[in-house]
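Descriptive analysis of the structure
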Amino acid sequence: MKNVFVKGWRPAAVLLLLFILWEIAVKLADVPAWLLPPPTDIFKEAIEGWNGLQLHLRSTVMLSLLGFAIGTGIGLLTAVLLHLIPFIREAIYPLLILSQNVPIIVLAPLLVVWLGFGILPKLIVITLVCFFPITVAALDGFRQTPGELKHYMLMAGASKDQLFWKLELPYSLPSLFSGLKISATYSVMGAVISEWLGAKAGIGVYMTLASSSFRTDRVFVAIFAIMGLSLLFFGAILLAERLLVKWKPREAKKK
Amino acid sequence: MIQLSIDQLSKSFDSTLVLNNLTFHINYGEFVSILGPSGSGKSTIFNLIGGLLLPDSGTIQLKGEKINGKRGSISYMPQTPSLLPWRTILQNVLLGQEIQGKTNPETARKMLYKAGLKGYENAYPQELSGGMKQRAAFIRALLSPQPVILLDEPFSALDELTRHEMQTWLLDIWNEHKPTILFVTHNIEEAIYLSDRILLLSTKPAQVVQEVTVPFTRPRKEELFLDENFLACKRGIHAAFKLQQR
């Protein structure tokens, strides 16, 4: 964790510099606030409107967490099924790729038409964007298990179950975590998109309301909130990876 | 008394005959080496005994029981250590037992001490040197409950000095536990130094062309490598191979 602070100051400094430039440019050019508010206005709005924002934040966090959990579950299950049953892999894998080619922005309103404004269509949207990176990452991990290790396990008499639980699953963990990191950030995006369609609360709702009333400062607050949430999710996965995958040689640390 | 017997074993891949009526046996507590040039189908023999492949004809018997295509009947040490990188050394040496059923961490710990791996029980394989990894891999094979250990050119990837050290170490351990060992190698000196009997293998198709009973008493010392009789034995095997190639 200490590392994060030691390494984190450089991007933080760049970000601060950008904010300062932005502030000066807006002030000098006298840009009206509804077009582009200065960062100070945005932060002021974030602090003053915190009580209103909190409700939306909580709702989005719950939705993305739930969606991420379901997406991860389905993603893993799909990967295991595709890996263990070659027939299913041949039949389903191409369709999985197709499922990612359907534009969410088109599919989402359709889901609302079919399933209403409840939580179900929202979860489907998040699951759809979340499960794919996990399935692909896990499948790759399973398949890249070194032949020599597999050969030893087979010679030692390992059953198909033992081969999977003792060798292929642990071997795929680092790869699986790469997929989880991508999905974690996608889940926030998926939640916001699904909230656009119609929800009582959520960052997506807050954002739509703000932009339709030309509260550009609030739009920016929403953007920063989404970025912050994604970063937080990403960090949580990173932490879980550190705890679970201890064996990976940490060359990055030495540099 | 015969423990493992291979009878009239034949195997071909895509109409190329790899093994032709291969016949040999190993007695209880015997150290037998299969010596043959690279590409003589040695790994095919192991895959057949290990049950990964089925022979076209012939039988493999362990204690009189047919084990054709039956996986996990023997204990195995591969050419590369093949330790699982996410397991500690202790967890790794227990893997063979774990696959077969019950584990016994206490014996494993004792054996690691004796193997000079004390203090490395909780280390991960990538922290160990090549020789140490091979020791761990051998202990894993020794701890596995199966009665016969197959060793597939285990020291071929090590440097000369480490290899000598490992050979002497292997003899010490073997002396103590007397497991039945089938050792595959392409190194003539290694075969003479370690084994009771050596089977010389021809290439394509593989057949036992000659059987050499090693005349030296045990325990053997490293000085043996420079002994006149040792060199004579080596010369004899060398000549037998030369004759084959003609």
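Summary of the structure given here. (Residues numbered from 1 in each chain as written. Chains lettered and ligands numbered in written order. Predicted model: local features only at pLDDT ≥ 70, side-chain atom pairs only at ≥ 80, totals over all residues. Heavy atoms only, no water.)

If you look at the interface, chain A gives 18 residues, while chain B gives 26 residues. Summed over both sides, the interface between chain A and chain B buries roughly 2000 Å², with carbon and sulfur atoms accounting for 65% of that surface. Among the residues of chain A in contact with chain B, A:Tyr152, A:Met155 and A:Trp247 are the three that bury the most area, contributing 40% of the side total. Linking chain A to chain B there are one salt bridge. For A:Lys166, the salt bridge goes to B:Glu98, with nearest N and O atoms at 2.7 Å. In this structure, the connection of chain A to chain B is made through eight residue pairs in polar contact (both at pLDDT 80 or more). When contributions to the side of chain A that touches chain B are tallied by element, the ones reaching two or more residues are α7 (147-155) and α8 (160-196) of chain A. Considering each element in turn, the side of chain A that touches chain B owes the most residues, seven residues, to α7(A). (Contact = heavy atoms within 4.5 Å. Buried area = accessible area lost by both parts, 1.4 Å probe. Salt bridge = Lys/Arg side-chain N within 4 Å of Asp/Glu carboxyl O. Polar contact = N/O pair within 3.5 Å; in protein donor to acceptor, adjacent residues only side chain to side chain. Helix = DSSP H or I, 4+ residues; strand = E, 2+ residues; numbered from the N terminus.)

All right, on to the packing of aromatic side chains then. Scanning the model with the defined rule gives 17 aromatic pairs over all chains in all. Where B:Phe31 meets B:Phe183, the ring centres are 5.7 Å apart and the plane angle is 40°; that geometry is what we call tilted. Highlighted residues: B:Phe31 in strand β3 (residues 31-35) and B:Phe183 in strand β8 (residues 180-185), separated in sequence by 152 residues. Side by side, B:Phe31 and B:Phe183 carry an identical accessibility label, which is buried. Pairwise contacts between aromatic rings join A:Phe19, A:Trp22, A:Phe43, A:Phe220 and A:Phe224 into one cluster. (Phe/Tyr/Trp six-rings, centres within 6.5 Å; stacked < 30°, edge-to-face > 60°. Buried < 20%, exposed > 50% of the residue type's maximum accessible area, 1.4 Å probe, protein only.)

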